[in-house]
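# Per-entry structural report
These are the residues of each chain, in order.
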Amino acid sequence: MIKVGIIGTGIFAYRHYRAYQAVGNDKFQIVACSNRSKDKALAFAKEVGIPEEAVYTNPLDLINDPNVEAVDILLPVQFNKEMVEAAIAANKHVMFEKPIAATLKDARDIVHLSQKSNTIVAVSENWSYHPLVYAVAEYVQKGGIGQVINFTYHSARPYNPDSPYHSTVWRQNPEHPGGYLSDGCVHDMAHLVPILGKFKSVAAFATSTQKIHVCEDTLSTTIKLESGAVGVANFTFCSAGVKKMDLVIHGTKGSIHLINDDQVELLNESGQVVDVEPILALKQNAPGRGFSDVEGELVAFYEAVHHQQKLGVSTEEAFHHLAFIVACLESVKSERIVNIEKI
């Protein structure tokens, strides 16, 4: 069992609490929490069953609590580097929310910290823990459709003014690049990069539709992969009721059509629809031992701590996810092709 302290008891802390319950009390016990608002911390503690003496307003006090073995950081991402650095210094395992950081410099520093750490440093990117996406990635990377030639990706999330996430202060005053674009599009990157490989360069356009999003909320890109393949990816947070992710990949020996994270179609080199069982069989190898989403990332974290199993996403990959968004924003501004920064 891993004794966990949660830093940040806002909306998503309750989602994490449900996930901890779902994966089993034999794996995790929440023993402490922290929020700069003592009332918010106490409200969360009461629901979870944390004693008042383990409720903190200073996150460093929680990190240094000898009863805490792992720290779950649920703060605005501009605080990630400071908190990760403190957790590693205290010899604690640590999870923290995506995007990896608010700047590429901080992101690069976090990667270097994780590389030297004696403890597990995990990015909480729940889209890295969708078993079917993992299976498609394995199939493509092992040459199931031959060499990737071209891809098209469309990601639509509906505009919802009643979403509780819109009103959070850190989203209304974003310090991370692109606001909603980086906060949301790194999710898409968690699907795309394992399947397609790393991105090399991008040309992009962006528009802003809904004032509540503060920054641009629709992004259109043309991409060259490090493999040499080319494709397009479009992202919007302004669709009228539509929530759908749609990826089509064409290779030299076939094509794959992935819808959201739960539907897949496979075509052979003659364009005929064929059995997807060779893809589905790979789901059993996905990190998370059958769990997906937030539950999957928690199980993978447990397995990494106790059994040295590989996480679904590394800090190096999370850096690449953010670097793509930063390159997109630079391209939007300059109207030029931009290379994605490397660590």
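None of these values were measured; they are calculated from a predicted model.

## Let's talk about the nonpolar core
Residues Ile195, Phe199 and Phe324 are the most contacted members of the largest nonpolar core, which totals 109 residues. Considering every element that reaches this core, the biggest residue donor is helix α8 (residues 180–196), with ten residues. Counting contributing residues, this core receives three or more from each of domain 1 (2–126) and domain 2 (128–287 + 314–342). The contacts of Phe324, once residues within four sequence positions are left out, are Met189, Phe199, Val202, Thr221, Ile223, Phe235 and Ile340.

## Structural notes on helix α4 (residues 80–89)
Given 3.6 residues per turn, any residue in an α-helix points the same way as the ones three and four places further on. Within α4 the residues assigned to the buried category are Asn80, Met83, Val84, Ala86, Ala87 and Ile88. Of the residues flanking the end of α4, it is Asn91, one or two places downstream, whose phi is positive at about 60°.

## Quick look at unusual backbone geometry
The general pattern is negative phi for most residues beyond glycine and trans for most peptide bonds. Here Lys98 and Pro99 are connected by a cis peptide whose omega angle stands at -15°. Along the chain, Pro99 turns up in the loop between β5 (93–97) and α5 (104–116). For Asn91, which is not a glycine, the phi torsion comes out positive at approximately 60°. On the basis of relative accessible area, Asn91 is assigned to the exposed category, the value being 53%.

So, how was this worked out
Residues numbered from 1 in each chain as written. Predicted model: local features only at pLDDT ≥ 70, side-chain atom pairs only at ≥ 80, totals over all residues. Heavy atoms only, no water. Core = buried A, V, L, I, M, F, W, Y, C linked by side-chain atoms within 4.5 Å. Buried < 20%, exposed > 50% of the residue type's maximum accessible area, 1.4 Å probe, protein only. Helix = DSSP H or I, 4+ residues; strand = E, 2+ residues; numbered from the N terminus. Domains from an automatic or database assignment. Contact = heavy atoms within 4.5 Å.

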